[in-house]
Structures are given as structure tokens and as C-alpha cells.
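# Coordinate inspection notes
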Amino acid sequence: MPKACSAINCPNRDTRENRAKGLSFHSFPKAHELRKKWMLAVNRIEPGSRKLWIPGSGACLCSEHFNQEEFEVYGGQKRLKAGVIPSVFSFKVELIQAEHQYSLNELMDGRTTSFGFSGPKLGSERGKDAAQRRLSYYQQELWNVLGSLREQHLLQEEAEHMLKSQFSDLQLSLQYEEARCESYPTVTRNFAVSLHLFSAKAYEFMKKTFQLPETATLHTWLSNSDCKPGFSEQAFIALAERSQPAQQTCKKCSLLIGTMPLEKRIYYDPSTRRLQGLVDFGAGSYDADEILAAGEALLFVAVGFQHQWVVPLGYFLLATPRGDIQAQLLRHCILKLHNVGVQVISVTSDATAPNIDTARRLGVVVDGLTVKSTFFHPATPMLEIAYYFDSSHLLSLIHNFLQTNGSLQVSSKAVCWDYLLRLGALQETELLQAACYAGGIKLQDQQVWLNGTTQVFSEGTVQALDFAARLGLPQFQGHEATTQFIGLLSNVFDICNSWSAFGKGSKAPLSSASVDILSNLCNEYENLLRKLRTASGEFLELSKHRWGFLGFLVNLRSLQWLVQAHLLVEESPMTYLLPCWWSLDALEWCRGAIRKECGTKNIATAGNFKDAYKLVLNKAVSGLGLDTPNLLDISLCRRASLQLQASWPLGQGQIWQLQWGSGFPQKMNNVSVDPAFLAELKEDTVTYISCAILGKLLPLLSCAKCRAALLRPCGGVPTDSALMFVESKGGKYLPAKSVQRVICRAKQIVGLSSLFLKNSWRHGHLAQELAILAEVSEEPDLFPSLVDHVFESNTLVSNHYVTLLQALVRTFLELWFKLVQGPQCMPVAQECHSTKEADRKQSMRGPRKPLGHPWKWPQEILGLKEWYRAL
């Protein structure tokens, strides 16, 4: 059967008569791009499916559809020149060329069936061949476009591999086909979302060839209400209700982004009958064999910019964090919040490589010391958003750099890490001799104490180094550059992480009054960065360890912009801002809550993470703005590695810490009690009880201020310094007067009444605790050094002043109940060397009788001796 010309309305066939007339027939080219141009020029569709006609292996065009100058004679035969496209047809066709893609300006309308062409019948061999040709063509077209995107650096090679692996059988409708897609299957949704997350430019490029939805549609596809990977609709609905004009409590927010590690394991879940642990960008999971299991959960959390509330917004399962995906997800999240009436003011992340790439893709510029710390809001260029790096993570980067490299150069002066190590290597006798030689400090009844929980980059460390140098210790001479560096870094951190509305100096909140302070500090810090060099002489701003330092410069620029944009405007209802709420402490609270709900210390699986996230989300939404977490304790816990005691080698600094650095109660079995010390305690029982309580309480405290407030410092030494001289007796630190007042009141309230000694331990314990707290809360001037520290916590019911009182009272009651139920009921003249021996002797004497008589001082002292030994 002779071949026929495939052009519409062309009756020519490849016969001997037509070839004698000079006609020639030319098969469609095999090269994909040229073949596509021929197909578009022919402008033929299949009437049954309304899809673009895909030529088969025998399709051809006759020479009447080409101009004569497009032919050449080679070897006596007439053939087409290379790259020629047919252009002579009986219908008007206009080709438009844009970015290497071609589309028709005028498509065939519904009357194309009048040409007499009928599509192949469904199910026929011809129909199956046409469908297979169309699938092959669409796949080839898709791979070609993806390859072109990669060559133009619009798509990374890893992203191209993921798309080709997952969507090898994807069939998209072409843009120049008349039939428009009104609904998209799940696989198409997943492809569209994935491509847009990989590259927005690549998505727009792809839309010129294939039918893909508008970007606004992707917001919906990225959301769900059943706590699967994606944005959680429950959170956005709750925020929409709270952002109405009647409430205004959720009108502005900061957006936090961070990851949680997951167990890299793909497993079958019988309850859902689906595989778990797969990569999921919110529109469907990746189940191709070539793609790795999800190893990170990317978590989004919104924090109230002015009002204190925290709510998780969603999560996504990634193999590894990637800057391109995170930047696109942030844009989607910001737009979704904008649609429900919530304006994002700032975005916070840590300073890891994917997050730095995220900031760059959003529009943040850091070129040496040239910094642009804001980017445009994706909804309107009239709004900007500040980018903020977590200050605690930046300090960790600087800490790690100094600990590893040892020093920095500042204008030919050295910032040495060794000065901090020498604090831990000091001997008490050495320090006491230096203090005696320097004069001004009485050595009688004094001891030396270094508060190991003091932050490395803090004013307490500066004062400790200055004090040691003033004593004339040679190993601390020349410390000035180090203390200046630590002092400046401490001020920068404090202003970037201020907690209290009542703070002073660099710890004060951002307000109109702090504009000059912030500007001067920013200029001073920038001047320092210009002078900093590594030990090898390289400028720090150009080294590979620059981001810990440059991150603070970005934060200071963001703070300056926030003050100008949200405090100094006339219509602003805000009088101050607390930057602590832009740190990742709220995100860490969410991560901690999820870990707690997972119920395992190991890394959670994807399924466990989903179940735990659902519980945390429901709690956060139901208590939005009502139950705010205590972020101060979370911040201190996150900075535990930045304490002085964490920087000392093992075995150093023990005389300062008294082994208080482990975070767990220390066993007191090996403590030797001097007889002279016990004799003194007979005269001052409250002091003795206070010492025993501090021995158990101090190891549990991670706050340097609270630790220092429990001890009684001597005169002439800064109370905020990490290095202190404290009053002591018999080799024991004397408790502060406030501690003794609390214990004295507690002892008076508890007494030894018959009600107290009954077996209702739990009810009696709670009742006594409430009674004591009610009494001591009325005591004036308790812990005067903590007056400002009280307001550093965001919640008044669990600030450090309250928790310190609770800890003192609970520790007192715990030890007191042990005394009453244990050694006190035994004859004090006899010492029991084991619990079994004590039980045997007690059984011989008969049942114990509750004591109803008042407490007698000599008996009390003997009981305390037994109690102390029992501890």
C-alpha cells in the first residue's frame, strides 16, 4: 500500500505517477526537536481524543509543502536541506518562537472533523499504536525539557534524576493541545509540586510546553488536614480565626524552620497498608527504588511577633536538607499565612549550609561585610521580611572555631582560648596566696568558687579574667584583647537575644530608645570583623569559618530594619520588641514535645513522628496563646555546651565546680564530715540543713545566676563574676541569707506535729509544700540579685525565682521526710550499719510510735548527724 502525505487536505500518495510528475516524499525526522517542529507545522490533531497527532514510523510529507529553495540535489537525487521545516499548507499557520519552544497562535477548532479524518477506535490495534506513540513522544518531550533545564542551570542534576526516576511513566497534556485539564491525577500533582520546589523558573519554563496549574493551586495541594507531610490546615484555620479585626492576637508572626533527624528506614505499615519512611514533599511520596529513604523532617513553626504564642505549621520528609526546596516551601508558607491574614515579619534558621543557601535564594545578600538582611514578600514587593540566624547556633560556631584553632588576631593582638582553660587549671591555694599578696581580701573563712555554668561569652567570664589579672597571676597577663572580644560578643548576643522587658543595657528590649545603642554596637562589631584574622593571617570574613561571625552582622542589620519598620512608624501599636522570640528556642520546644510523645530516646521513625506531631499540633492549636512554654530554660539547655565547665578538660576546674557539671545529683556517700563542723552546726541547725540541701540542689541548676544567688559572696568581689570568693565554715560554702530564711520558715511550718508524721506521705508532702510556699512568698527582699532575672522568663508562673523557691522547698521536704521516716525513729545512741540490721532491731523493739512531742534541739542534732550519713 503506497504511503500518503500526512498533511491535512493533501491527497498526494507515493505512487509511480506522482513521482514522474516531480513529487518527492520525505519521512518525519528522527531528531526529537526537529520532529516536533514538523508536527506543529502540520497542525494535525486526532478528532477522537482532541490530542496532538503523533506521527508513526511511516508518516511522511510530500514536496508540495516545502519551498523550492529548501531542496538540494545530491548524487542525482532531490533531498531536503538540513533543518528545513514545512511551511506550505492550505490553512493559515503562524509559528511563535520563545525560549526554544514553539506553539501555534491559532489552534484547530471543533470543526476539524469536516476534513474527513476520524480517530482510531478505542481498543483497536491502530488505537493502541497511537496511544503508545503518544506516550513515547510525551516521555521524550519531558526528558528533553528536563535536560534543557539542567543545561541552562535552572534545575540541579540531582533533581532531574529524582524526577526521571519517580515519574518515568508520567503523561502530561501538551500546552498546544486544545483540551484543557480541569482535574489532575495524584501523580501529576506530585510532579508539579516537586518541580516547583526544585525550581520556580523551571516550572514556568515547563508550563510553556505542558499543561500545568497556576502556582496558587499548588498551595492547596501542599496542605492537608490529617497531619500527613505538608502544611497542616488546622493551624492555618486557627490563625485565621485569631487574626480577625476583633482579636488581632495573631496578626504578625515570625517563621522558624529546622529539621529533626529520622530513622532512615522504609517499612510497611499494616494499619495504613502503605510504605512509611519515603520522601514526601506534601503532595505524595517518592517510592522509586533509586531514591533514598527520608532522613530528615523539615519542621515549620510560627511564633507570635508581639503576642506570645507558638504553633507548628507543618512538616516535610526529606532525604537531606536542600536550600532550593526550603526556599520554595518558605515562600508557599508565607503566602498561605498572608492569605489567612497573618503577616510574616522575620524568618529564622540556624547557619548550616542548606539554610545559608535558603537565605541566598530568598534574596539575602552577604558579600564579605556587605549585607542585605531582608528579602521581598512573595505576595507584594511593598513588604519586606527580615532573615535571622539563631544566635545560640552562631555562638556554637564561634566556640568550636576558637576551641579548635586556639586564637584569633585583632590588630596584631591575640584573642587566646588558653585564658579560659587556665581558669579551670587554677589551684585554690595559688589563688588564695595571690589574693593575700594583692590585699583587700581577708583569707579567714573564705573559699574560692568558679561558677561553671557561666556562659563562655558573657560578662561573668570577662569579670573573672579581669579579677584574676588584678590579683597579679602571671598566666592572665595580656588578656585585654580576649576580654574585649568576649565582652563585645556578649553584648551582641544579649541584644540579639534579649528576654526581659525590664532588662538594662544590652539586655534591654528593642525600643525607640535603643536605636543609638544598636547602631553604635553594630558599627563597633563591623569594625571588629574588619580587623579579625585567623592564626594563619587570613581575613576572617573570607575564611571558611566566617559564618559564625557574619551571622551576627546579619542579625544586627535585621534588628535595625525591624526597629525602623515596626517601632519608629507612627501607626505602630508596639513600644518594644523582644528578639528572643525570633530564636529557635520555640522550635526546640516543639521538637522536644515531639520527642516526648514519641516515647523513645532513639531517632523516631517517620510513622512515629507523624503520630507525635499530631498530638503536639492539637495541643498547640487548642491552647493557642494560652499555654506558652518557658523558653528561657530551653535556651539555657541549648547553650549547655557553651558553659565554662564544658570547655575545660576532664579533671580540671573540679575545685570550682565541686563536681557540679554533670547535670545529675551527686552521691554524698563519700563526703567526710568534720567533727568540728558538726559541733558548729549544733548551734546553727538551719545553716546545716541549708548546706545539705544545696549539696543536692546545686548540681541540678543550669542557670549561673540562680547558682550564684544560693551562695554568700564576700565583699570586694563582683557578684556576677564567674570567679568568686565566698564565705565558708569548716570547708563548706555558706548558703546565702535568703536560703537560710526560706529554710527557717519551712522548718517552723513543718515542725514535728503528729499530723506531719502520719503515713499519708503524698498528701502531707503536697500540703506542706503549698503552706511553705504561701509563707515564703510573703517574705520581702528574698534573693535580691535575682530581681532583674525574674522577668527574663516569658511566663510569670514558672520563672526562675518561682522555680528556685519550689526547688528549695521540695528538696527540703524530701530530705526532711527521709529524716522523719528513717533515722529519727531509731535509737540515736546506736548506729545501724545496714538497713537489714536496723529492721531486725526495730522488730525486736515492737512497732514504731508516731512522735507527738515537740522537737528537741539535742535530739535534732543527733538525728541530723544520722541523716547526713544516710545521704
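Residues numbered from 1 in each chain as written. Predicted model: local features only at pLDDT ≥ 70, side-chain atom pairs only at ≥ 80, totals over all residues. Heavy atoms only, no water.

Even without being a glycine, asparagine 9 presents a positive backbone phi close to 70°. Mapped onto the elements, asparagine 9 comes out in the segment before helix H1 (16–20). Relative accessible area serves as the criterion here: at 46%, asparagine 9 is assigned to the partly exposed category. At serine 411, a position not held by glycine, the phi torsion is positive, near 50°. Inspection of the secondary structure assignment puts serine 411 in the loop between strand S23 (407–410) and strand S24 (413–416). On the basis of relative accessibility, which here comes to 44%, the residue serine 411 falls in the partly exposed class. (Helix = DSSP H or I, 4+ residues; strand = E, 2+ residues; numbered from the N terminus. Buried < 20%, exposed > 50% of the residue type's maximum accessible area, 1.4 Å probe, protein only.)

Next up on the list: the pattern of salt bridges. Counted under the stated rule, the structure contains 18 salt bridges. We note a salt bridge from glutamate 214 to lysine 207, for which the minimum N-O separation is 3.1 Å. Residue class for lysine 207 comes out buried when judged on its relative accessible area of 12%. With its nearest N and O atoms 2.6 Å apart, the salt bridge here joins arginine 638 to aspartate 585. Of the two residues, arginine 638 sits in helix H20 (residues 631–638) while aspartate 585 sits in helix H18 (residues 585–598), which places them 53 residues apart along the sequence. On the basis of relative accessibility, which here comes to 0%, the residue aspartate 585 falls in the buried class. In the salt-bridge network here, residues are joined through shared partners; they are Glu158, Arg322 and Asp324. (Salt bridge = Lys/Arg side-chain N within 4 Å of Asp/Glu carboxyl O.)

Bringing the environment of asparagine 67 into the picture now. As for its placement among the helices and strands, asparagine 67 is situated in the loop between strand S4 (60–62) and strand S5 (71–74). For asparagine 67, a relative accessible area of 28% gives the class partly exposed. Separated by 20 residues in the primary sequence, asparagine 67 and serine 87 have C-alpha atoms spaced 7.7 Å apart. Beyond its immediate chain neighbours, meaning those up to four positions away, asparagine 67 contacts Ser87 and Val88. (Contact = heavy atoms within 4.5 Å.)

A few words on the sheet that holds S23. Strand order in the open sheet formed by three strands is S24-S23-S27, and the pairing between neighbours is antiparallel. Looking at which strands have only one partner, the edges of the open sheet turn out to be S24 and strand S27 (532–533). Two strands pair when backbone bridges link them, and S23 and S27 are joined in this way by two bridges, in the antiparallel orientation. When the sheet's bridge partners are listed, valine 410 is paired in S27 with leucine 532. (Pairing = 2+ DSSP bridges.)

The subject of this paragraph is the confidence of the model for the protein. When pLDDT is low, close inspection of the predicted coordinates is not appropriate. Overall, the prediction assigns the protein a mean pLDDT of 77, with 76% of residues at 70 or greater. Here residues 677–683 is a poorly scored stretch, pLDDT under 50, and it has 11 contacts once near neighbours within four places are set aside; other chains count. (pLDDT = per-residue confidence, 0-100.)

Moving on: a nonpolar patch on the surface. On the surface, a cluster of nonpolar side chains totalling about 290 Å² of accessible area is made up of Ile266, Tyr268 and Leu275. Looking at the secondary structure, you find isoleucine 266 in the loop between strand S11 (252–261) and strand S12 (267–269). Using a relative accessible area of 39% as the deciding quantity, one classes isoleucine 266 as partly exposed. (Patch = residues over 30% accessible without salt bridge, like charges linked within 9 Å, V, L, I, M, F, W, Y side chains within 5 Å. Areas by Shrake-Rupley, 256 points an atom, 1.4 Å probe, with all protein chains shown as cover.)

Let us now look at the environment of leucine 694. Along the chain, the position of leucine 694 falls in helix H24 (residues 685–697). A relative accessible area of 3% means that leucine 694 is categorised as buried. Sequence separation between leucine 694 and leucine 808 is 114 residues, and the spatial gap between their C-alpha atoms is 8.3 Å. Every residue in contact with leucine 694, bar those within four places of it in the chain, is listed here: Pro699, Leu710, Leu711, Pro735 and Val739.

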